[in-house]
Amino acid sequence: MSPLSAPSRVITVGAGLLDEALAAQAVPTLPVDWRPPLPGTAEALIKVLADPRRQAANELAARRLTSARPYLVGVRRASEVLPDVLAGGTFLHAGPPITWERASGPMRGALIGAMLLEGLAGDEHDATAKLAAGEITLRPCHEHATVGPMAGVLSPSMWLFEVHDEEHGGTAYCSLNEGLGKVLRYGAYGAEVLDRLRWMDAVLGPALAATLERNGPIDLRSLIAQALQMGDELHNRNRAATSLLLRELAPAVVEAAPARAAEVLRFINGNDHFFLNAGMAAAKVSTDAARDIPGSTMVVAMARNGTDFGVQVSGLGGRWFTGPAGVPDGLYLGSYGPEDANPDIGDSTITETSGLGGFAMAASPAIVRFVGGEVADAVRATRSMYEITLAEHPAYQIPGLGFRGTPVGIDVTLVARTGLLPVVNTGIAGRIPGTGQVGAGLVKPPAEAFTSALQALAGAVSDLFDERYICTSSAL
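Quick look at the structure, then. (Residues numbered from 1 in each chain as written. Predicted model: local features only at pLDDT ≥ 70, side-chain atom pairs only at ≥ 80, totals over all residues. Heavy atoms only, no water.)

## Points about the pairing of strand β3 (residues 70-77)
Part 1 of the argument: Pairing between β3 and strand β7 (residues 159-165): seven bridges, direction antiparallel. Bridge pairing in β7 places R77 opposite W159.
Part 2 of the argument: Bridge count for β3 against strand β9 (residues 218-219) is two bridges, and the pairing is antiparallel. Each bridged residue has a counterpart across the sheet, and for Y71 the counterpart in β9 is D219. (Pairing = 2+ DSSP bridges. Helix = DSSP H or I, 4+ residues; strand = E, 2+ residues; numbered from the N terminus.)

So this is what it looks like as structure tokens:
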């Protein structure tokens with residue numbers, strides 16, 4: 001009878017209005033933060049959650065992602081790394097597949113700039129005509145072990161960070177970071193942009209290649225873990241990580257390229273985002289380790305091309321599931337405003353996919369000065385991501401949360417069940433080709449990308465059970 005004699009409490013579920021009304025009347029309540037599943041997902045959820053492979057598959061996927069040990073092992077020219085892919089007029093780009101006809105302004109601007117850089121067009125109009133005529137084949141970076149920030153356009157002469165996973169054996173690549181403002185990845189292609197890229201081709205790339213040969217591999221997992229302790233979230237704030245990388249490289253730069261060391265070190269030191277691209281390759285090689293596990297519902301890639309936002313899921317191979325890319329909500333540079341912004345773009349959401357970026361904002365109070373909001377918002381964003389992820393990263397820890405590991409391993413079923421979408425912080429590109437960066441902020445992925453992936457997972461489960469039934473019936 002003791003439970004009946006205890007003080008009564010009212011359980012309130014969902015909207016807070018009822019809880020607030022009862023609290024105003026001094027009625028003790030127990031609020032439950034419940035959300036309905038995303039519309040139209042109930043039947044698919046039932047099928048996928050009943051898949052007997054799912055739990056073990058997700059445990060394996062999360063374990064492989066979090067145990068990856070990415071090392072920066074070199075800097076190499078794209079034509080050397082991907083000779084078969086980039087031969088014959090092929091460029092790589094960020095996000096899911098896209099055609100010139102559907103390409104956004106910054107994507108078009110970056111493609112035009114790459115044409116000019118490679119000497120494949122005489123001017124902007126010539127480049128546009130050739131691209132519209134289909135003379136250049138466009139392929140996603142993600143499908144060729146690479147990632148690219150913003151437009152993410154990779155052409156043969158560009159230099160790439162090479163990152164190797166010492167635990168699982170994978171390798172991933174990412175371009176070198178140009179800095180902020182008017183840069184190719186934001187769709188700018190003016191003379192100053194091309195001059196900088198040519199300097200990177202002639203000086204920066206070769207110097208860093210020689211530096212890594214002399215220095216030896218750099219443990220990026222440890223560097224990222226330390227940068228989180230120093231206030232980075234490793235997507236839009238990389239100041240600590242860049243400083244740590246510069247400290248590691250500086251002596252070898254002086255030894256490997258004494259005649260150009262000052263300008264190389266000055267360039268890196270003046271670019272707080274220089275580490276971002278190496279970190280993206282580290283995130284890519286880590287999530288790639290969790291690919292192709294039958295029955296797994298874990299997301300292994302999120303990427304945007306300025307038109308579409310796409311995801312890939314471990315148990316579904318290389319299939320893309322997409323929805324329209326949204327326009328970020330954030331802070332704008334100078335006189336720019338929301339009307340100047342392009343929809344979300346870039347492969348840099350691989351950081352969120354690996355437990356960094358928006359998922360680690362609680363480690364980076366200063367990030368709110370770049371993307372907007374308050375410190376409490378950053379903490380709240382990170383805490384909410386534990387609800388849609390499978391694990392906590394053992395190496396990437398957040399001091400402000402008692403050194404709790406960052407939330408990692410986005411589960412499509414948890415996204416559908418809670419209605420929570422991944423938190424993404426991002427730079428904002430101008431919608432008109434040639435503009436460059438106009439701001440930075442937060443953006444919500446489209447729910448359609450996750451619900452369509454869930455439907456595909458449900459279909460795969462149905463096919464599996466149908467095959468088993470057919471096999472069993474045949475045996476009988």
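Additional details are given in the paragraphs that follow.
## Examining the side chain of S354
Part 1 of the argument: Within the fold, S354 resides in the loop between α14 (350-353) and α15 (368-371).
Part 2 of the argument: A polar contact of 3.0 Å, which involves the side chain of S354, links it to the backbone oxygen of T351.
Part 3 of the argument: When sequence neighbours within four positions are dropped, the list of residues in contact with S354 reads L65, A283, T287, H393, Y396 and V408. (Polar contact = N/O pair within 3.5 Å; in protein donor to acceptor, adjacent residues only side chain to side chain. Contact = heavy atoms within 4.5 Å.)

## Digging into helix α9 (residues 191-215)
Part 1 of the argument: Under the 1.5 Å per step criterion, the end-to-end length of α9 is 34 Å for 25 residues, consistent within 8% with the ideal 36 Å.
Part 2 of the argument: Once α9 ends, the next one or two residues include G216, with phi positive near 90°. (Expected span 1.5 Å × (residues − 1).)

## Re the state of the cysteines
Part 1 of the argument: In total, this model carries zero disulfides according to the counting rule given.
Part 2 of the argument: The cysteine C141 is free of any disulfide, with C174 supplying the nearest cysteine sulfur at 7.8 Å.
Part 3 of the argument: Residue classification places C141 among the buried positions, given a relative accessible area of 0%. (Disulfide = S-S within 2.5 Å. Buried < 20%, exposed > 50% of the residue type's maximum accessible area, 1.4 Å probe, protein only.)

## Some remarks on the pattern of salt bridges
Part 1 of the argument: Using the criterion set out here, one finds 17 salt bridges in the structure.
Part 2 of the argument: Between K130 and D126 there is a salt bridge, with its nearest N and O atoms 3.5 Å apart. Placement of the pair is K130 and D126 together in helix α8 (residues 124-132), with a separation of four residues, close to one helical turn.
Part 3 of the argument: In this structure, R380 and D377 form a salt bridge, with 2.5 Å as the shortest nitrogen-oxygen distance. Here D377 and R380 lie together in helix α16 (residues 375-385), a separation of three residues that amounts to about one turn.
Part 4 of the argument: According to the relative accessible area criterion, R380 is exposed, its value standing at 52%.
Part 5 of the argument: The exposure class assigned to D377 is partly exposed, which follows from its relative accessible area of 33%.
Part 6 of the argument: The network of salt bridges with shared partners includes R76, E80 and E162. (Salt bridge = Lys/Arg side-chain N within 4 Å of Asp/Glu carboxyl O.)

## Quick look at the environment of N277
Part 1 of the argument: With respect to the element layout, N277 can be found in helix α13 (residues 274-288).
Part 2 of the argument: When its relative accessible area of 1% is taken as the criterion, N277 is described as buried.
Part 3 of the argument: Taking the C-alpha atoms as reference points, N277 and A56, separated by 221 residues in sequence, lie 32 Å from one another.
Part 4 of the argument: Other than its neighbours up to four places away in sequence, N277 contacts P149, F161, C174, S175, L176 and N177.

## What about the packing of aromatic side chains?
Part 1 of the argument: Scanning all chains against the criterion turns up three aromatic pairs.
Part 2 of the argument: Centroid distance F161 to F274: 5.7 Å. Interplanar angle 80°. Geometry classified as edge-to-face. Taken together, the positions of F161 in strand β7 and F274 in helix α13 put the pair 113 residues apart, joining distant regions of the chain.
Part 3 of the argument: On the accessibility criterion, F161 (2% relative accessible area) is buried.
Part 4 of the argument: Between F267 and F274, the aromatic rings sit 6.4 Å apart at their centres with planes inclined by 90°, giving edge-to-face as the arrangement.
Part 5 of the argument: Judged by relative accessible area, F267 falls into the buried class, the value being 17%.
Part 6 of the argument: A relative accessible area of 0% means that F274 is categorised as buried. (Phe/Tyr/Trp six-rings, centres within 6.5 Å; stacked < 30°, edge-to-face > 60°.)

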